[in-house]
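Observations on the three-dimensional arrangement
These are the residues of each chain, in order.
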Amino acid sequence: MPDDCIFCKIINRELDAEIVYEDEHAVAFKDINPAAPVHILVVPRKHIPTLLDLKKEDEGLVGHLHTVANEVARAFNVDKKGFRVVINCGADAGQIVFHLHLHLLGGRPLLQTMAKGRGV
Ligand code: 5GP
Ligand code: ZN
């Protein structure tokens, strides 16, 4: 783990976050700057910087992150009305934290666009 990774610090409880789910392989916590009423980040405990850094052996882990997103979506009651799961990869996508994470967004109608930011 790199010393300066915010999400590793959250996972290791060195930095505060509102954790809403955790298991052996994944942790989910509220985004500090929510873009929707429900904005949860689902992260692997393993430090993987970006989607491009995935190895063949991580395929199961990425599937698991989506199962966790489903579980959190149900827990936050956005499963019936719908929600969006987003992974930003690299500069043009606006990735600012280089520890792989799924954004789970819901709780209001989301724009019919792939644009990121306040307009998601
Ligand atoms: P990215 O643009 O890298 O996909 O998104 C990173 C997300 O992490 C942003 O939505 C940002 O608000 C969130 N974030 C950044 N720093 C922290 C933090 O210290 N705690 C929490 N809970 N979220 C953070
Ligand atoms: Zn990390």
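Structural notes, computed from the coordinates. (Residues numbered from 1 in each chain as written. Chains lettered and ligands numbered in written order. Predicted model: local features only at pLDDT ≥ 70, side-chain atom pairs only at ≥ 80, totals over all residues. Heavy atoms only, no water.)

1. Examining the side chain of His99
Counted only if it meets this: Only runs of H or I of at least four residues qualify as helices and only runs of E of at least two qualify as strands under DSSP, and these elements are numbered from the N terminus. Here's how the labels work: a residue is buried when its accessible area is under 20% of the maximum for its type, exposed when over 50%, partly exposed in between, all with a 1.4 Å probe on protein chains only. In what follows, residue pairs with any heavy atoms lying within 4.5 Å of each other are defined as contacts.
Structurally, His99 can be placed in the loop between strand E4 (83-86) and strand E5 (102-106). Among the residues examined, His99 registers a relative accessible area of 0% and is labelled buried. Other than its neighbours up to four places away in sequence, His99 contacts Cys5, Phe7, Cys8, Ile11, Val43, Pro44, Arg45, Lys46, His47, Ile48 and Pro49.

2. Some thoughts on the nonpolar core
Our working rule: The term nonpolar core refers to a set of buried residues drawn from Ala, Val, Leu, Ile, Met, Phe, Trp, Tyr and Cys, joined through side-chain atoms within 4.5 Å.
One finds Ala28, Ile40, Val42, Leu65, Val68 and Val72 to be the most contacted residues of the largest nonpolar core, which totals 17 residues. Mapped by element, the contributors of at least two residues to this core are strand E2 (26-30), strand E3 (38-44), helix H2 (59-75) and E5. Per element, the largest residue contribution to this core is six residues, and it comes from H2. Beyond its immediate sequence surroundings of up to four residues, Ile40 is in contact with Val20, Ala28, Phe29, Lys30, Asp31, Val72, Phe76, Leu102, His103 and Leu104. Listed in part, the ten residues of the second largest apolar core include Phe7, Cys8, Ile11 and Leu41.

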